[in-house]
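Tertiary structure, described
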Amino acid sequence: MPVLRIVRNGALALGLVLVVAAACTAPQQPGPKTDRSGDAPATGPFTDEDLRRLRGVPDFLVDSLHEQLLDELSRPDQIELARKKIKHIVFLVKENRTFDHMFGSFPGADGATFGYTCDGERIPLKPAPDRAPEIDHGFVAGLVAINGGQMNCFDRLGGGADADSYVMYDRKAIPNYWALAEHYTLADRFFSSIYGPTGVEHMWVIASQSDRFVDMERKGQFGTGEPRERCLDPEERAYSFRQLTQEEEDEAYRLEEIPAIIPLTTRFWTERWPCVNIKILPDLLEERGISWKYYQGGISQMKVMSGIRHVRFGPMWDKVVENEEFLPDLARGDLPAVSWLIPPDMLNDHPRGGRASICEGENWTVEILNALQKSPFWDETAVILTWDDFGGFYDHVPPPHVDLYGLGPRVPALVISPWARPGYIDGRTYEFSSVLKFIETVFDLPSLTERDRLASDMLDSFDFLQRPVDPLILEPRGCPAAD
């Protein structure tokens, strides 16, 4: 069966995927300044001011799309409204789940309750246990699972024996995540930025790039100190694409489509010290005097700021704090304009080899969101809740192959705000760079890379003219005991 998968020509595919989405959501602007004075007057129920704003729109569209064009002309400036209504953004990043794994049976969403194996067998997605197995979810694992867009080789991943990748939760298993999705906005076409794993995904969460890195440090690359100290240990190494010519990049892209792992990694990968000095979104916030904090958590893989040289050894390091400080900051009235919130280990939904409970992780999320919704900041806050990579779990939607890094498999994302569209399923194409674009749009910041420049700003998930959505205060629940 042929697979429809959007691919790139340079950055073209991302433009097709995300610019087309943006065209449906972005504020409508007047067309090119063309002289229509010699044209026959357009017909329809338009005022002179309407006609002025319609200059440059082809006459046949003006004549035939009255209702659509009137609606667009009457739509307030969404960006202006976002800047008035949103003063605080919390980017909450959990771990290692796919959309089908968590919301595959969610009503109205693009989910699946069965999947395909590499030999073509169709199998049901079994009920997932509270403490799920840990499956390979690195960069190569993502390429293998996607299999050129066929989405059928999750059974080849390490740790995925006995169809462990092919499991899913339903409403009863994760009731509070489902309640949030029903009450606020659920995005069902939100992809990870890179094929995996966590360490590099978190670079995209702050920078919309990974400076060519495709992996975190592994055994044999840890250097002389503790694992993954990054800028503190010059002996550490991690895999990266080497600097490629355009011809080499095109060949590497072709190999990813097959996928052909041996020639891809032997010809185009190298090892480098994972300490970089790329521009990150906090740099832009600093330049504008906009408050921010990075509330780090988890184990060493998640502590990405340790690999940004000018942060680790500069004054910005004072704004990299432990996640335990988030709730006290909120209680003191010190919520920054932009927060990255990375949960504690064992509560971030990472399976941890079957030791961690998704119920306990869900309870932690409920505690954070309850506190935010009860705070005086809530009326001006938006939370983007997502999961950082696919965790080796099945998903049926082929990611657009926009460049050498991804997009990776689909992950869940929820937009939680008084201004989120209630009960809405947002089917536009997003990735972590879209969250950065949302922050850049609200705070009038420039783009960091081509990815966030072309990304949708996620404003379609909001309605700033609606009656604010009531808070949803949830009760933590009792969790199954470990076996």
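Right above here is the structure, for reference.
A few points on the structure. All figures in this text were calculated on a predicted structure; none of them were measured in a lab. (Residues numbered from 1 in each chain as written. Predicted model: local features only at pLDDT ≥ 70, side-chain atom pairs only at ≥ 80, totals over all residues. Heavy atoms only, no water.)

Here's the deal with the side chain of Asp 395
By the secondary structure assignment, Asp 395 is in the loop between β12 (381-387) and β13 (413-416). The class for Asp 395 is buried, based on a relative accessible area of 0%. A distance of 2.9 Å separates a polar atom in the side chain of Asp 395 from the backbone nitrogen of Asp 100. Here Val 397 takes part through its backbone nitrogen, which lies 3.1 Å from a polar atom of the side chain of Asp 395. Here Asp 395 is in contact with Thr 98, Phe 99, Asp 100, Met 151, Phe 154 and Arg 410, once residues within four sequence places are set aside. (Helix = DSSP H or I, 4+ residues; strand = E, 2+ residues; numbered from the N terminus. Buried < 20%, exposed > 50% of the residue type's maximum accessible area, 1.4 Å probe, protein only. Polar contact = N/O pair within 3.5 Å; in protein donor to acceptor, adjacent residues only side chain to side chain. Contact = heavy atoms within 4.5 Å.)

Some remarks on the state of the cysteines
As enumerated under the stated definition, the model contains three disulfides in all. Covalent S-S linkage joins Cys 118 and Cys 153, the inter-sulfur distance amounting to 1.8 Å. Note on the Cys 118 and Cys 153 pair: the S-S dihedral is about 60°, so by sign convention the disulfide is right-handed. Remark: Cys 153 occurs in the loop between α7 (139-146) and β5 (167-168) and Cys 118 occurs in the loop between β2 (114-116) and β3 (122-124); sequence separation between them is 35 residues. The disulfide partner of Cys 231 is Cys 275, and the S-S distance across this bridge is 2.0 Å. Its S-S torsion of about 95° marks the bond between Cys 231 and Cys 275 as right-handed, since a negative value means left-handed. Placement of Cys 231 in the loop between α9 (198-207) and β7 (238-241) and of Cys 275 in the loop between β8 (269-272) and α12 (281-288) is noted, with a sequence separation of 44 residues between them. (Disulfide = S-S within 2.5 Å.)

Observations concerning the packing of helix α8 (residues 175-183) against helix α15 (residues 358-374)
Axis separation between α8 and α15 bottoms out at 9 Å; the angle between their running directions is 45°. It follows from the interaxial angle that α8 and α15 lie oblique. On α15, the residues touching Pro 175, Asn 176, Tyr 177 and Leu 180 of α8 are Ile 358, Gly 361, Glu 362, Thr 365, Val 366 and Leu 369. Looking at the contact of α8 with α15, its residues break down into six nonpolar, three polar and one charged. (Axes fitted to C-alpha atoms, helices over the stretch in contact; angles between N-to-C directions. Parallel < 35°, antiparallel > 145°, perpendicular 65-115°, else oblique. Nonpolar A, V, L, I, M, F, W, Y, C, P; charged D, E, K, R; others polar.)

Describing the environment of Ala 238
Turning to its location among the elements, Ala 238 is positioned in strand β7. Note on Ala 238: relative accessible area 0%, which makes it buried. Measuring from C-alpha to C-alpha, the distance between Ala 238 and Glu 217 comes to 4.7 Å, with 21 residues separating the pair along the chain. Beyond its immediate chain neighbours, meaning those up to four positions away, Ala 238 contacts Phe 213, Asp 215, Met 216, Glu 217, Gln 221, Thr 270, Glu 271, Arg 272 and Pro 274.

Overview of the pairing of strand β11 (residues 338-341)
Where burial is concerned, the two faces of β11 agree: the one with Val 338 and Trp 340 and the one with Ser 339 and Leu 341 are both buried. Judged from the four bridges that link them, strand β9 (residues 292-296) and β11 form a sheet pairing that is parallel. Within β11, the residue paired with Lys 293 across the bridge is Ser 339. (Pairing = 2+ DSSP bridges.)

Quick look at the nonpolar core
If you look at the biggest cluster of nonpolar residues, it comprises 129 residues, and the most contacted ones within it are Phe 103, Ile 206, Phe 241, Trp 340 and Leu 372. Excluding its chain neighbours within four sequence positions, the residues that come into contact with Phe 103 are Tyr 177, Trp 178, Ala 181, Leu 186, Pro 412 and Leu 414. (Core = buried A, V, L, I, M, F, W, Y, C linked by side-chain atoms within 4.5 Å.)

As for the environment of Tyr 430
Counting through the fold element by element, Tyr 430 comes out in the loop between β14 (424-426) and α16 (432-442). Separated by 23 residues in sequence, Tyr 430 and Leu 407 have C-alpha atoms that sit 9.7 Å apart.

Considerations on the packing of aromatic side chains
A full pass over the atoms with the stated rule returns 25 aromatic pairs. A centroid spacing of 6.5 Å and a plane angle of 45° characterise the contact between Trp 419 and Phe 464, whose relative ring orientation is tilted. Linking Trp 419 in the loop between β13 and β14 with Phe 464 in the segment after α17 (450-454), this pair joins segments that are 45 residues apart in sequence. For the residue pair Trp 419 and Phe 464, the accessibility class agrees, reading buried in each case. Ring geometry for Phe 438 versus Phe 462: centroids 5.2 Å apart, planes at 15°, classification stacked. Of this pair, Phe 438 sits in helix α16 while Phe 462 is found in the segment after α17, placing the two residues 24 residues apart along the sequence. In this structure, Phe 438 and Phe 462 share a single accessibility class: buried. Ring pairs connect the aromatic residues Phe 139, Tyr 195, Trp 204, Tyr 239, Phe 241, Trp 269 and Tyr 405, which therefore count as one cluster. The ring of Phe 114 carries the charged tip of Arg 122 above its face, separated from the ring centre by 3.4 Å. The ring centre of Tyr 424 lies 3.7 Å from the NZ or CZ of Arg 421, which sits over that ring. (Phe/Tyr/Trp six-rings, centres within 6.5 Å; stacked < 30°, edge-to-face > 60°. Lys NZ or Arg CZ within 6 Å of the ring centre and 35° of its normal.)

Examining the pattern of salt bridges
Going through the model one piece at a time under the given rule, you end up with 25 salt bridges. Notably, a salt bridge pairs Glu 450 with Arg 453, separated by 2.7 Å at the nearest N-O pair. With Glu 450 and Arg 453 both in helix α17 and three residues apart, this pair spans about one turn of that helix. Using a relative accessible area of 45% as the deciding quantity, one classes Arg 453 as partly exposed. Salt bridges linked by common partners bring Lys 293, Asp 329, Arg 332 and Asp 334 together as one network. (Salt bridge = Lys/Arg side-chain N within 4 Å of Asp/Glu carboxyl O.)

Looking at α8
Given 3.6 residues to a turn, an α-helix orients residues that are three or four positions apart in the same direction. Among the residues making up α8, those that are buried are Asn 176, Tyr 177, Trp 178, Ala 179, Leu 180 and Ala 181. Packed against the buried residues of α8 are β1 (88-94), α6 (99-103), β6 (185-187), α15, β12 and β13.

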